[in-house]
Amino acid sequence: MIEINNRQDIRKMDVEQLKSWLATHGEKGFRAKQIFEWIWKKSAHSFDEMTNLSLATRQLLSENFLIHSLDIAKQQQSNDGTIKSAFKLFDGNLVEGVLIPAADRMTACVSSQVGCSLTCKFCATGYMDRKRNLEAGEIYDQVVAIARQAEGSFKAPLTNIVYMGMGEPLLNYANVLESIAHITSPEGLNMSPRRITVSTAGIAKMIKKLGDDEVKFRLALSLHAANDAKRNQIMPINESNSLDNLAEALNYFYKKTGNRITFEYIVFNNFNDTLQDAKELWEFTKRVPARVNIIEYNPIAEADFKNTEADRLDKFAAYLEDRGVSVHVRRSRGKDIDAACGQLANKEAA
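For clarity, every value in this text was computed on a predicted model and none was experimentally measured. (Residues numbered from 1 in each chain as written. Predicted model: local features only at pLDDT ≥ 70, side-chain atom pairs only at ≥ 80, totals over all residues. Heavy atoms only, no water.)

1. Let's talk about the packing of helix α1 (residues 15–24) against helix α2 (residues 31–41)
Angle between the axes and distance between the axes are the two parameters that describe a pair of packed helices.
Thinking step 1. Two numbers describe how α1 lies on α2: the axes approach to 8 Å, and their chain directions differ by 130°. Judged on the interaxial angle alone, α2 and α1 are oblique. Crossing angle aside, the handedness with which α1 passes α2 is right-handed. Along the contact surface, α1 presents V15, L18, K19 and L22, while α2 presents R31, A32, K33, I35 and F36. (Axes fitted to C-alpha atoms, helices over the stretch in contact; angles between N-to-C directions. Helix = DSSP H or I, 4+ residues; strand = E, 2+ residues; numbered from the N terminus. Parallel < 35°, antiparallel > 145°, perpendicular 65-115°, else oblique. Left-handed = near helix turned anticlockwise from the far one by under 90°. Contact = heavy atoms within 4.5 Å.)

Below is the structure:
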């Protein structure tokens, strides 16, 4: 466990570990459940808030534990209502999270790592070093903070969560799944796992592990090209996780869970936006039961890619729809504050 001044983060303990610790310090075991309710259901960030515990018990906890909370270092609101937050972690690192408001939903986009190791050529985060994985509590805290923004700014509850911020979630597997467990538990935030989507650049063995663990949330694959040569150019992870391997893993996942899979496909001008590219994508959807999100590209300073032209995007989408593919064209949100897909990079921390 991470320790500061010999105090450890209490959120890194499970309820049985905490119960055992309390027993060795002369406290009743049922206090563990009370403490966990404060931490994971009421989102308490200090022991002083735990008013159904005695002052002596709170003092004991404060002397031995801490809670690694995060703070909003900077908040920006887009012209379209999107809110981007730079979250400062206990060790000074920053990650970004985004609230995406819509008429029928409020979506939190959360990060799972500080930086990223996958070096996707079109993504701002891919040009950062990966400094560390986020703890489950740090992911959970992003959700809580963004939910409060939804209530405060739009008087609406958070309805959806996407793990599509900074980092590759499946390279922080244990913490991501633990965070989802607390978010979906009746003893936590009690959100439906069906309203959570985890997005991966495509790590076949970890996709299979999701299937073996019979997860209840939805899975999205950042595809962006349906042939290996093109995908290798923009996503080096494809060199060790080919489309054939991913198709096998995704079908395994679907067989094990029955959960819907989404292909995310950013359309880059004169790279992957032709009808031949659409044909290859259509053929790949016949191998894996999936819907397709076509995403407008959001340019970044580090790369020369540009968004495709509107008529090419429309023809691309129509080609798929005419062949029975479920297609949704996702328009960019928050571009004016660098909060759109692929733009998260902690510019304000530079």
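2. Concerning the environment of A318
Thinking step 1. Inspection of the secondary structure puts A318 in helix α10 (residues 310–322).
Thinking step 2. Counting along the chain gives 43 residues from A318 to L275, while the straight-line C-alpha distance between them is 9.9 Å.

3. Notes on the packing of helix α9 (residues 275–285) against α10
Thinking step 1. Two elements in contact, α9 and α10, have axes separated by 9 Å at closest approach and are oriented at 35°. Classified by chirality, the crossing of α10 by α9 is right-handed. On α10, the residues touching L275, D277, A278, K279, L281 and W282 of α9 are K315, F316, Y319 and L320.

4. Some points on the UniProt feature "active site" (unreviewed entry) in the protein
Thinking step 1. In this structure's numbering, the residues bearing the UniProt feature "active site" (unreviewed entry) are E96 and C341.
Thinking step 2. Of note, E96 is situated in strand β6 (residues 94–101). (UniProt positions renumbered as here; feature names shortened; annotations may be inferred.)

5. What about the UniProt feature "binding site: S-adenosyl-L-methionine" (unreviewed entry) in the protein?
Thinking step 1. Per the UniProt record, the feature "binding site: S-adenosyl-L-methionine" (unreviewed entry) sits at G167, E168, S199, S222, L223, H224 and N298.
Thinking step 2. Residue L223 is classed as buried on the basis of its relative accessible area, which comes to 0%.
Thinking step 3. If we ignore the near neighbours within four places in the chain, the residues touching L223 are R231, M235, L243, F263, E264, L281 and F284.
Thinking step 4. In this fold, H224 is placed in the loop between β12 (218–222) and α7 (228–234). (Buried < 20%, exposed > 50% of the residue type's maximum accessible area, 1.4 Å probe, protein only.)

6. Regarding unusual backbone geometry
Thinking step 1. For N190, which is not a glycine, the phi torsion comes out positive at approximately 60°.
Thinking step 2. Note on placement: N190 falls in the loop between α5 (173–184) and β11 (196–200).
Thinking step 3. Residue N190 is classed as exposed on the basis of its relative accessible area, which comes to 52%.
Thinking step 4. Even without being glycine, E214 reaches a positive phi, approximately 50°.
Thinking step 5. Within the secondary structure, E214 sits in the loop between α6 (204–212) and β12.
Thinking step 6. A relative accessible area of 47% means that E214 is categorised as partly exposed.

7. What to know about the pattern of salt bridges
Thinking step 1. Inspection of the entire model under this criterion finds 14 salt bridges.
Thinking step 2. The residue K84 makes a salt bridge to E96 at a minimum N-O spacing of 3.6 Å. In this pair, K84 is assigned in strand β5 (residues 83–88) and E96 in strand β6, connecting sequence segments 12 residues apart. For the pair K84 and E96, a shared accessibility class is recorded, and that class is buried. (Salt bridge = Lys/Arg side-chain N within 4 Å of Asp/Glu carboxyl O.)

8. Side note on the pairing of strand β13 (residues 261–267)
Along a regular strand, successive side chains alternate from one face of the sheet to the other.
Thinking step 1. With seven of seven residues buried, β13 is to be regarded as a mostly interior element.
Thinking step 2. Burial along β13 is two-sided: I261, F263, Y265 and V267 and T262, E264 and I266, pointing in opposite directions, are all buried.
Thinking step 3. For β12 and β13, the ladder comprises four bridges, and the chain directions are parallel. Considered in β13, the bridge of A220 is made with T262.
Thinking step 4. Examined bridge by bridge, β13 and strand β14 (residues 290–296) share seven bridges and lie parallel to one another. Of the residues in β14, the one forming a bridge with E264 is N293. (Pairing = 2+ DSSP bridges.)

9. Some remarks on α6
Thinking step 1. By the burial criterion, the buried members of α6 are A204, M206, I207, L210 and G211.
Thinking step 2. For α6, the secondary structure elements touched by its buried residues are α5, β11, β12 and α8 (243–257).

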